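Single-letter residue listing:
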Amino acid sequence: MLLIDVVRVSEAVTRTSARLGKIGHLAELLGRVGPDEAEIAISYLSGELPQRQVGVGWRTLEDIPQPKLAATATLTAVDELLSRIKAVSGQGSQAARRALVAELFAGLTSQEQQFMSRLLHGELRQGALDGVMIEAVAKASGAPSADVRRALTLRGWLPAVGAAALGGGVEALRAFRLEVGRAVSPMLAGSAPNVAAALEKAGTPAALEWKLDGVRVQAHRCGPSAVKVFTRTLDDITAQVPELVEAVLAMPSDDLVLDGEVLALRPDGRPHPFQVTASRVSSKTNVERLREQTPLSVFFFDALRVDGADLLDLPYSQRQEALAGAVPPGLLTPRLVTGDVAEAEKFFTDVVRAGHEGLVVKSLTSPYAAGRRGAGWIKVKPRHTLDLVVLAAEWGHGRREGKLSNLHLGARDPEGGFVMLGKTFKGLTDELLAWQTERFLELAEGPTDEWTVALRPELVVEIAFDGVQRSPRYPGGMALRFARVLRYRPDKRVEDADTVDTVRSLML
DNA sequence: TTCCGACAGTGGGGTCGCAAT
DNA sequence: ATTGCGACCCCACTATCGGAA
């Protein structure tokens with residue numbers, strides 16, 4: 001199959017707004033793709049590369065060769081070149097990588113070049129990713145989408161699941177098993193504004209678990225001496241977390257799959273800022289030295305397999321029993337089962353006072369269903385707000401093209417002027433986006449660069465955020481974490497906006 | 001007919017590893 | 001030694017579609 005066949009379908013998917021229409025276009029192509037090219041086609045059309053990352057970003061793609069006129073590139077040839085690019089990126093010069101990228105793009109038409117650029121950027125923007133592709137695989141193979149979804153949970157990679165479904169139908173899908181040592185797609189949580197709302201969603205009584213601000217880990221014990229650890233995106237971080245490996249090796253069972261969170265705690269037991277944990281977990285060199293300075297702790301909250309028994313389909317409460325039997329009590333995430341709102345709210349206050357992120361409220365009956373947010377797990381976190389001043393705005397991309405989208409936020413400096421604390425584009429409705437674009441252009445002092453418009457500091461906006469973190473980037477040495485717009489405050493003057501001192505007092 | 005769950009899109013700050021400067 | 005780039009940790013929120021109620 002030619003790359004252009006895939007590109008044409010992607011363009012048709014982009015033009016079609018109805019989800020069922022998108023699924024129809026994708027399924028049609030899956031119906032005519034050969035078995036050796038199915039993985040590549042499914043991968044590209046769900047917006048990812050079979051190689052995952054190949055070490056090519058926006059900078060590398062700034063200048064690419066003239067396009068060809070005739071579309072002759074085959075999927076397999078393109079895939080093979082991308083694998084070579086990845087290999088060179090792993091160990092080789094940038095010049096060698098650039099040469100291979102040039103070779104790839106020189107073989108593509110203009111239409112194909114645009115597709116490949118977006119794919120490499122991870123910005124296909126065709127309105128279809130895994131969720132839509134699951135349905136397309138189901139339609140093309142004749143298997144129920146629940147079976148496709150289930151196989152994806154166990155296998156963790158849709159192209160392999162899709163290729164199996166196209167080749168062997170529903171039986172091939174049902175042959176997928178949880179395999180110790182191979183990552184499973186993790187179950188994700190939805191969110192609620194407060195504990196009472198979360199309890200309502202999860203059903204009572206529910207389990208309340210501490211939400212720790214670290215890195216999600218899936219630990220596999222594969223036999224007497226082997227452990228593997230994966231992140232939420234299924235990357236292998238075993239070598240970076242020796243403490244966790246040792247903790248799992250010390251457990252009596254030698255056939256386990258556990259779900260948990262790893263984080264750095266201070267000697268007094270309170271958590272380090274997320275930045276400290278992230279730094280430790282992502283460091284690959286000097287791990288032994290680093291673990292002495294910043295040891296990691298792990299807390300498990302679910303068990304997918306214990307002593308060779310798969311537990312994914314069991315209700316939460318039964319998985320908890322298995323977890324408690326397999327993991328020492330000190331490595332269990334603190335939890336409380338209750339249906340009482342007052343008791344739950346006290347537990348929430350306690351966990352926040354202990355310095356942690358909040359709670360995850362879990363239905364006692366839900367199975368471990370990967371990939372689908374919001375079903376059985378609901379997270380709750382406290383919310384801070386500040387009244388800040390809009391200092392500048394950046395032009396948006398994609399569906400926000402032509403709109404001023406990303407706001408530069410500043411706190412008032414009592415000495416005069418403003419101190420930038422970060423940016424946000426979140427929380428804006430289309431209506432607000434249109435309004436602010438118009439209003440900003442009235443306040444514009446002129447462009448500071450290609451994307452940014454400086455504004456007269458006159459607008460006050462109420463911003464919600466999760467916390468203040470240390471920042472090497474901004475002049476005040478601090479930045480807001482997960483800032484989002486709540487509403488504009490036309491009733492407030494700039495003199496009423498919060499000051500940097502207020503923000504600094506929150507950074508404790 | 002209305003409601004709501006699931007999905008895709010739009011990007012945010014911070015940090016590491018690596019190659020080039 | 002520093003800088004630029006790519007990758008990936010953490011993540012909130014809105015718009016939309018289409019099935020459920």
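What counts and what doesn't
- Residues numbered from 1 in each chain as written.
- Chains lettered and ligands numbered in written order.
- Predicted model: local features only at pLDDT ≥ 70, side-chain atom pairs only at ≥ 80, totals over all residues.
- Heavy atoms only, no water.
- Phe/Tyr/Trp six-rings, centres within 6.5 Å; stacked < 30°, edge-to-face > 60°.
- Helix = DSSP H or I, 4+ residues; strand = E, 2+ residues; numbered from the N terminus.
- Buried < 20%, exposed > 50% of the residue type's maximum accessible area, 1.4 Å probe, protein only.
- Lys NZ or Arg CZ within 6 Å of the ring centre and 35° of its normal.
- Pairing = 2+ DSSP bridges.
- Salt bridge = Lys/Arg side-chain N within 4 Å of Asp/Glu carboxyl O.
- UniProt positions renumbered as here; feature names shortened; annotations may be inferred.
- 1 Å grid on protein atoms, 1.4 Å probe; cavity = no way out; pocket = protein on both sides within 12 Å on 5 of 7 lines; lining within 4 Å.
- Polar contact = N/O pair within 3.5 Å; in protein donor to acceptor, adjacent residues only side chain to side chain.
- Points joined across faces, edges and corners; volume = space filled by probe spheres on them.
- Nonpolar A, V, L, I, M, F, W, Y, C, P; charged D, E, K, R; others polar.
- Core = buried A, V, L, I, M, F, W, Y, C linked by side-chain atoms within 4.5 Å.
- Contact = heavy atoms within 4.5 Å.
- Near = heavy atom within 4 Å.
- Axes fitted to C-alpha atoms, helices over the stretch in contact; angles between N-to-C directions.

Novice: Please provide a residue-by-residue account of the packing of aromatic side chains, values included.
Specialist: Enumeration over the complete set of coordinates arrives at three aromatic pairs. When the ring of Phe-301 is compared with that of Trp-377, the centres are 6.0 Å apart and the planes differ by 85°; the resulting orientation is edge-to-face. With a gap of 76 residues between them, Phe-301 in strand E6 (residues 296–306) and Trp-377 in strand E10 (residues 377–380) connect regions that are remote in the sequence. Both residues of the pair, Phe-301 and Trp-377, count as buried. Against the face of Trp-377 rests Lys-362, its NZ or CZ located 3.6 Å from the ring centre.

Novice: Account for the pairing of strand E4 (residues 227–230), with residues named and values stated.
Specialist: One face of the sheet, then the other: side chains in a regular strand alternate in exactly this way. Pairing of strand E3 (residues 215–222) with E4 involves four bridges; the strand directions are antiparallel. By the bridge assignment, His-220 is partnered in E4 with Lys-228.

Novice: Could you give an account of the pattern of salt bridges, naming the residues involved and the relevant values?
Specialist: Taken as a whole, this structure holds 35 salt bridges when the rule is applied. Notably, a salt bridge pairs Glu-103 with Arg-84, separated by 4.0 Å at the nearest N-O pair. Remark: Arg-84 occurs in helix H4 (residues 75–90) and Glu-103 occurs in helix H5 (residues 94–106); sequence separation between them is 19 residues. With relative accessibility at 42%, the residue Glu-103 sits in the partly exposed group. A relative accessible area of 36% places Arg-84 in the partly exposed class. Among the ionic pairs, Glu-357 bridges to Lys-381, the shortest N-O distance being 3.5 Å. Note that Glu-357 is positioned in the loop between helix H15 (341–353) and strand E9 (358–363) and Lys-381 in the loop between E10 and strand E11 (384–395), a separation of 24 residues in sequence. The class of Lys-381 is partly exposed, set by a relative accessible area of 26%.

Novice: Before we move on, can you summarise the UniProt feature "binding site: ATP" (unreviewed entry) in chain A with the specific residues and values?
Specialist: Feature annotation in UniProt places "binding site: ATP" (unreviewed entry) on Glu-209, Arg-216, Arg-232, Glu-261, Phe-301, Arg-373 and Lys-379, given in this structure's numbering. Among the annotated residues just listed, those lining the largest cavity are Glu-209 and Phe-301. By the element assignment, Arg-216 lies in strand E3. A residue is classified by how much of its surface remains accessible, and Arg-216, at 14% relative accessible area, is buried. A polar side-chain atom of Arg-216 sits 2.9 Å from the main-chain carbonyl oxygen of Met-187.

Novice: Please give an account of empty space enclosed by the protein that cites residues and values.
Specialist: Enumeration according to the criterion identifies one cavity of 30 Å³ or more in this entry. The space that makes up the largest cavity amounts to roughly 30 Å³. As for the largest cavity, its lining consists of Glu-209, Phe-300, Phe-301, Gln-320, Leu-323, Leu-332, Thr-333 and Arg-335. Residues belonging to the lining of the largest cavity are distributed by class as follows: four nonpolar, two polar and two charged.

Novice: Account for the nonpolar core, naming residues and giving values.
Specialist: Grouped together as the largest cluster of nonpolar side chains are 56 residues, with contacts concentrated most on Tyr-44 and Met-116. Setting aside chain neighbours within four positions, we find Tyr-44 in contact with Leu-3, Val-6, Leu-49, Pro-50, Leu-75, Val-78, Asp-79, Leu-82, Phe-115, Met-116, Leu-119 and Leu-124.

Novice: Let's hear about the protein's contact with DNA strand B: which residues, and what values?
Specialist: Near DNA strand B lie 39 residues; those nearest to it are Gly-127, His-397, Asn-406, Phe-425 and Tyr-474. Counting only atoms of DNA strand B within 4 Å of the protein, the sugar-phosphate share comes to 86%. Arg-149 places a polar side-chain atom, nitrogen or oxygen, 2.9 Å from a phosphate oxygen of DNA strand B. Backbone polar atom of Arg-399 to a phosphate oxygen of DNA strand B: 2.5 Å apart, as the coordinates give it.

Novice: Residues and numbers for the sheet that holds E3, please.
Specialist: Reading across the sheet, the five strands line up as E4-E3-E5-E6-E7 and stay open at both edges, with antiparallel pairing between neighbours. The outermost strands of the open sheet, each flanked by one partner alone, are E4 and strand E7 (309–310). Looking at chain direction, strand E5 (residues 255–264) and E6 are connected through nine bridges and run antiparallel. The residue bridging Val-262 from the neighbouring strand is Val-298, located in E6. Along the sheet, helix H12 (residues 274–282) contacts E3, E5 and E6; its crossing angle with E5, the most-contacted strand, is approximately 130°.

Novice: Before we move on, could you go through the protein's contact with DNA strand C and cite the residues and values that matter?
Specialist: With respect to spatial proximity, 33 residues lie near DNA strand C, and among them Gly-55, Arg-59, Thr-60, Lys-211 and Thr-233 are the closest. Counted by atom, the contact set of DNA strand C within 4 Å of the protein is 92% sugar and phosphate. Contact distances for DNA strand C include 3.4 Å between a phosphate oxygen and a backbone N or O atom of Trp-58. At 2.9 Å, a side-chain N or O of Lys-381 approaches a phosphate oxygen of DNA strand C. At the level of elements, helix H2 (19–30) and E3 are the ones that each hand at least two residues to the surface near DNA strand C. Of the residues belonging to the surface near DNA strand C, the class tally is nine nonpolar, ten polar and 14 charged.

Novice: Provide a residue-level description of the environment of Phe-274, including the pertinent values.
Specialist: Tracing the backbone through its elements, the reader meets Phe-274 in helix H12. Residue classification places Phe-274 among the partly exposed residues on the basis of a relative accessible area of 27%. Along the sequence, Phe-274 and Asp-213 sit 61 residues apart, while their C-alpha atoms lie 6.1 Å from each other. Excluding residues within four positions of it along the chain, Phe-274 makes contact with Asp-213, Gly-214, Val-215 and Arg-481.

Novice: Tell me what's going on with helix H3 (residues 38–45), and back it up with residues and numbers.
Specialist: In terms of residue burial, H3 counts as a mostly covered element, since seven of its eight residues are buried. Within the span of H3, buried status applies to Ala-38, Ile-40, Ala-41, Ile-42, Ser-43, Tyr-44 and Leu-45. Looking one or two residues beyond H3, the residue adopting positive phi is Gly-47, at roughly 85°.

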